[in-house]
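Notes for the structure review
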Amino acid sequence: KDDHMGNVSTISYKAANYMEFGGGAKVDIFKMIGFTKPLEISGSYKHSERSLETDFMAALGAAELKSEVKSDFINGGLYVQYLPRLGVNLGVQMINTEFTNTSNAITQNAPLLKGTQMQWMVGLDYNIAPNAWLAVNFGMINVENEYNTGLLVAGAVDGSPNLPDYYDVKKDATGKFKHEFSQMLLEASINVEF
């Protein structure tokens, strides 16, 4: 890091620590009770963590700083085929992310504190030939992010690259800014298995 006054300092970090675990399952309920058409229920969960600690603050007479990010991914699905060629599917996905100790440094970026993403989709598929089917799906994506705007460098608040264009520092009294958006999805595809 160069302060442009002849002082150059090296910022270093200790080795990052990572942890991840999860699992999932899919069960065909109709197959278990002897029906030929499927009724599949599926789900999965994954938790991820990363922690990072500075390795230069002690030389400055201060405590080392530690930051963490935690993320949970949840996935669920349902598929049922109730006619010889027609099936229905439903799926839900959710990702929750949380950052801790984002107030460690002044920056031109507004650090992300929390992020929530949710997507659902429902659709039909129609078998047009053996191993080939038409799928038509409709769904929605909802995203909500919360940023720590209390750390922005003076003069950089209007140009922070990770905030939306409509962010107005004059209306930001709490030091936190919540950005939300939604998007509809419509998908049609022909799928073939070889």
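This is a predicted model, so every value here is computed, not measured.

**As for the overall build of the protein**
A count of helices and strands for the protein gives one helix and seven strands. Order of helices (α) and strands (β) in the protein, N terminus to C terminus: β-α-β-β-β-β-β-β. Out of the 194 residues belonging to the protein, those deemed buried represent 26%. Long-range contacts, defined here as pairs at least 24 residues apart, represent 61% of the contacts in the protein between residues at least 6 apart. Working note: accessible area of the protein is about 13,100 Å², and carbon and sulfur atoms make up 58% of it.

**With respect to unusual backbone geometry**
The backbone phi angle of Asn 131 is positive, close to 65°, even though this residue is not glycine. Within the fold, Asn 131 resides in the loop between strand S5 (112–129) and strand S6 (132–148).

**So, the sheet that holds S5**
Strand pairs in the sheet, formed through backbone hydrogen bonds, run parallel or antiparallel to each other. Pairing in this open sheet of seven strands is antiparallel, and the strands run S1-S2-S3-S4-S5-S6-S7 from one edge to the other. Only two strands of the sheet have a single partner each, and these edge strands are strand S1 (17–28) and strand S7 (176–192). The sheet shows a mean angle of 10° between the axes of neighbouring strands, taken without regard to direction. Of the pairings in the sheet, the one linking S5 to S6 comprises 16 bridges and is antiparallel in character.

**Observations concerning the packing of aromatic side chains**
Evaluated as defined, the whole model comprises three aromatic pairs. The interplanar angle of 70° and the centroid separation of 5.9 Å between the aromatic rings of Trp 120 and Phe 138 together place this pair among those described as edge-to-face. Within this pair, whereas Trp 120 is found in strand S5, its partner Phe 138 is found in strand S6, the two being separated by 18 residues in sequence. When its relative accessible area of 33% is taken as the criterion, Phe 138 is described as partly exposed.

**Focus on the nonpolar core**
A general feature of soluble globular proteins is that nonpolar side chains tend to end up buried together. One finds Ala 110, Tyr 147, Leu 163, Tyr 167 and Phe 177 forming the largest nonpolar core, which totals five residues. Setting aside its immediate chain neighbours within four residues, Tyr 147 contacts Ala 110, Pro 111, Leu 112, Leu 113, Asn 162, Leu 163, Gly 175, Lys 176, Phe 177 and His 179.

**Some points on the environment of Pro 111**
By the secondary structure assignment, Pro 111 is in the loop between strand S4 (86–100) and S5. Judged by its relative accessible area of 16%, Pro 111 is buried. Put simply, Pro 111 and Gly 150 are 39 residues apart on the chain and 9.3 Å apart in space, counted from C-alpha to C-alpha.

**Things to note about the pairing of strand S2 (residues 39–53)**
With twelve bridges connecting them, S1 and S2 associate as antiparallel partners. Following the sheet pairing, Glu 20 is matched in S2 by Ser 48. Where S2 and strand S3 (residues 66–81) come together, 15 bridges link them in antiparallel fashion. Bridge pairing in S3 places Glu 40 opposite Tyr 79.

**Here we look at the environment of Val 143**
Position of Val 143 relative to the elements: it lies in strand S6. C-alpha of Val 143 to C-alpha of Gln 119: the two residues are 24 residues apart in sequence and 8.7 Å apart in space. Setting aside residues no more than four positions away along its own chain, Val 143 makes contact with Thr 116, Gln 117, His 179, Glu 180 and Phe 181.

**Some details on the pattern of salt bridges**
Applying the stated criterion to the full structure yields four salt bridges. Linking Lys 26 and Glu 40 is a salt bridge whose minimum nitrogen-to-oxygen distance equals 3.9 Å. Taken as a pair, Lys 26 in strand S1 and Glu 40 in strand S2 lie far apart in primary sequence, 14 residues in all. Since its relative accessible area comes to 22%, Glu 40 is described here as partly exposed.

**Describing the confidence of the model for the protein**
For the protein, the average pLDDT comes to 84, and 84% of its residues sit at 70 or higher. Model confidence for the protein, summarised as mean pLDDT per element, is weakest for helix H1 (residues 29–32) at 88 and strongest for S1 at 96.

Conventions and cut-offs
- Residues numbered from 1 in each chain as written.
- Predicted model: local features only at pLDDT ≥ 70, side-chain atom pairs only at ≥ 80, totals over all residues.
- Heavy atoms only, no water.
- Helix = DSSP H or I, 4+ residues; strand = E, 2+ residues; numbered from the N terminus.
- Buried < 20%, exposed > 50% of the residue type's maximum accessible area, 1.4 Å probe, protein only.
- Contact = heavy atoms within 4.5 Å.
- Areas by Shrake-Rupley, 256 points an atom, 1.4 Å probe, with all protein chains shown as cover.
- Pairing = 2+ DSSP bridges.
- Axes fitted to C-alpha atoms, helices over the stretch in contact; angles between N-to-C directions.
- Phe/Tyr/Trp six-rings, centres within 6.5 Å; stacked < 30°, edge-to-face > 60°.
- Core = buried A, V, L, I, M, F, W, Y, C linked by side-chain atoms within 4.5 Å.
- Salt bridge = Lys/Arg side-chain N within 4 Å of Asp/Glu carboxyl O.
- pLDDT = per-residue confidence, 0-100.

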